[in-house]
Amino acid sequence: MSGRVLVGVKRVIDYAVKIRVKPDNTGVVTDGVKHSMNPFCEIAVEEAVKLKEKKLVKEVVAISCGPQQSQETIRTALAMGADRGIHVEVSGKDYETLGPLQVSKIMAALAKKEDAQLIILGKQAIDDDCNQTGQMTAALLDWPQGTFASEVSLDGDKVKVVREIDGGLETIKINTPAVLTADLRLNTPRYATLPNIMKAKKKKIANMKPADLGVNLTSRLEVLRVDEPPQRQAGMKVETVEDLVGKLKDAGKV
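Throughout this document, residue positions are counted from 1 along each chain, in the order its sequence is written. Local features in this predicted model are restricted to residues of pLDDT 70 or higher, and side-chain atom pairs are both shown and tallied only at a pLDDT of 80 or more, whereas totals for entire chains, interfaces and linings draw on every residue. As a convention, hydrogens and water are excluded, and side-chain values are obtained from all of the structure's heavy atoms.

Asker: Break down the overall build of the protein for me, citing the residues and quoting the values.
Answerer: Helix and strand assignments follow DSSP, with helices taken as H or I runs no shorter than four residues and strands as E runs no shorter than two, numbered in order from the N terminus. The helix and strand tally for the protein stands at 7 helices and 11 strands. Note on classification: 1.4 Å probe, protein chains only; a residue is buried when its accessible area is under 20% of the maximum for its type, exposed when over 50%, partly exposed between these limits. For the protein, the proportion of its 254 residues judged to be buried stands at 42%. Restricting to contacts in the protein with at least 6 residues of sequence separation, those with at least 24 account for 70%. We get accessible surface area from the Shrake-Rupley algorithm with a probe of 1.4 Å; when it comes to residues, only the shown protein chains can shield them. With an accessible surface of roughly 14,800 Å², the protein has 50% of that area assigned to carbon and sulfur atoms. This count recognises Lys and Arg as positive and Asp and Glu as negative, with His and chain-terminal groups excluded. We put the charge of a Lys on NZ, of an Arg on CZ, of an Asp on CG and of a Glu on CD. Positive and negative side-chain charges of the protein, numbering 38 and 34 respectively, have mean locations separated by a distance of 5 Å. Note on definitions: a residue-residue contact is assigned when non-hydrogen atoms from the two residues lie within 4.5 Å.

In structure tokens form, the structure reads like this:
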């Protein structure tokens, strides 16, 4: 296979930031909070760039859906080695209700427009933990899918994928075009070097709206409220098994 690879890159609140719920419980605080590329999307970009370095694909296109700031996430992917970017601008209420189904429709439309042979996505995002976009994209395109990939190898028009499953590892072989989702152990993403960051500034990012792709962003879901998880109570130490059993009895656990 010597085709084009599309890689989804999502802008999320940085993994090191402590999440705070809005006072009105409508969501989490995002203003003035550090954002970065979703870690699983970084793994997807790294895998796509490695395939290009092996001359197994000809072009890597980074795609992000979101407000203007999403271009920063695309620039990070370009600095890692992607060739160009596509920013599908979604803002306001549409962005607040943007979910896996809407993103999948955008990815599927772009796959047809760009004549892609492969789509690589992170298996999930660390903000909503949905783990749905890859599967939905494959369904909309009627393409084979290799999810939770910990190893990927291309052989002509076939893709061999080692998948992480509950019982261990599963190896499958699927035809291209296909959709892959990256698991944690697929690779270790590279750091973008200063020269590559400077080069990324000159790479092209195309801007478009969902309507340009014929995609309707109407959501079928409604978030009723968002709450902080309950605070965990402090534990206690006991000296003997008898003390432990006694405490459990007192608490009505045994």
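Asker: Could you give me a rundown of helix α5 (residues 133–141), with the residues and numbers involved?
Answerer: When we look at burial in α5, the residues that qualify are Gly134, Thr137, Ala138 and Leu141. Angular distribution of buried residues about the axis of α5 spans 100°; they occupy a single face of the element. For α5, the secondary structure elements touched by its buried residues are α4 (100–114), β6 (118–122), β7 (145–155) and β10 (178–182). Taken from the helix axis, the directions to the C-beta atoms give the arc we talk about.

Asker: Just give me the short version of the sheet that holds strand β4 (residues 59–66), but keep the residues and values in it.
Answerer: Sheet architecture is open: 9 strands sit in the order β9-β8-β7-β10-β6-β1-β4-β5-β11, paired in mixed fashion. At either margin of the open sheet sits one strand with a lone partner, and together these are β9 (168–175) and β11 (205–208). Sheet twist, expressed as the average angle between the axes of neighbouring strands with direction ignored, equals 30°. Strands are treated as partners if at least two bridges between them are detected by DSSP. Two strands pair when backbone bridges link them, and β7 and strand β8 (residues 158–165) are joined in this way by 6 bridges, in the antiparallel orientation. Directly across from Ala149, in β8, lies its bridge partner Arg163. Here, axes are lines fitted to C-alpha atoms. For helices the fit covers the stretch in contact, and angles between N-to-C directions go from 0 to 180 degrees. In the packing of helix α2 (residues 70–80) onto the sheet, contacts are made with β4, β5 (84–89) and β11, and the angle to β5 comes to roughly 165°.

Asker: Account for the environment of Asp129, with residues named and values stated.
Answerer: With respect to the secondary-structure elements, Asp129 resides in the loop between β6 and α5. Separated by 48 residues in sequence, Asp129 and Pro177 place their C-alpha atoms 26 Å apart. As used in this structure description, the phrase polar contact means that two N or O atoms lie within 3.5 Å; if the pair is within protein, one of them must be able to donate a hydrogen and the other to accept it, and residues adjacent in sequence are counted only when both atoms belong to side chains. At 2.7 Å, the side chain of Asp129 and the side chain of Gln124 are in polar contact.

Asker: Give me the nonpolar core: which residues, what numbers.
Answerer: Buried Ala, Val, Leu, Ile, Met, Phe, Trp, Tyr and Cys residues form a nonpolar core when they are joined through side-chain atoms within 4.5 Å. Grouped together as the largest cluster of nonpolar side chains are 35 residues, with contacts concentrated most on Val9, Val45, Leu118, Ile120, Val159 and Leu180. Elements with a contribution of two residues or more to this core: β1 (4–8), α1 (39–53), β4, α2, β6, β7, β8 and β10. Here this core gets 8 residues from one element, more than from any other, and that element is α1. Leaving out residues up to four positions away in the same chain, Ile120 has contacts with Val5, Leu6, Val7, Gly8, Ala44, Ala48, Leu51 and Leu180. Grouped together as the second largest cluster of nonpolar side chains are 26 residues, Leu121, Trp143, Val179 and Met208 included.

Asker: Which residues make up unusual backbone geometry, and what are the values?
Answerer: In this structure, Pro177 follows Thr176 across a cis peptide bond, with omega equal to 5°. Tracing the backbone through its elements, the reader meets Pro177 in the loop between β9 and β10. Positive phi, close to 55°, is recorded for Asp129, a residue that is not glycine.

Asker: Tell me about the pattern of salt bridges, and please be specific about residues and values.
Answerer: Each reported salt bridge corresponds to a side-chain nitrogen of Lys or Arg within 4 Å of a carboxyl oxygen of Asp or Glu. Enumeration according to the criterion identifies 15 salt bridges in this entry. Lys10 is paired through a salt bridge with Asp128; the nearest N and O atoms lie 3.1 Å apart. A residue pair is termed long-range when its members are at least 10 positions apart, and Lys10 in the loop between β1 and β2 (11–13) and Asp128 in the loop between β6 and α5 qualify at 118 residues. For Lys10, a relative accessible area of 28% gives the class partly exposed. Given a relative accessible area of 35%, Asp128 falls into the partly exposed group. The salt bridge involving Lys123 is made with Asp183; its shortest N-O contact spans 3.2 Å. In this pair, Lys123 sits in the loop between β6 and α5 while Asp183 sits in the loop between β10 and α6 (194–200), placing the two residues 60 residues apart along the sequence. As far as burial versus exposure is concerned, Lys123 and Asp183 are alike and both buried.

Asker: Lay out the state of the cysteines with the relevant residues and their values.
Answerer: We call a pair of cysteine sulfur atoms a disulfide whenever their separation is within 2.5 Å. Counting across every chain of the model gives 0 disulfides. No disulfide involves Cys41; its sulfur sits 11 Å from the nearest other cysteine sulfur, which is in Cys65. As a non-bridged cysteine, Cys130 has Cys41 as the owner of its nearest cysteine sulfur, 13 Å distant. Residue classification places Cys130 among the partly exposed positions, given a relative accessible area of 28%.

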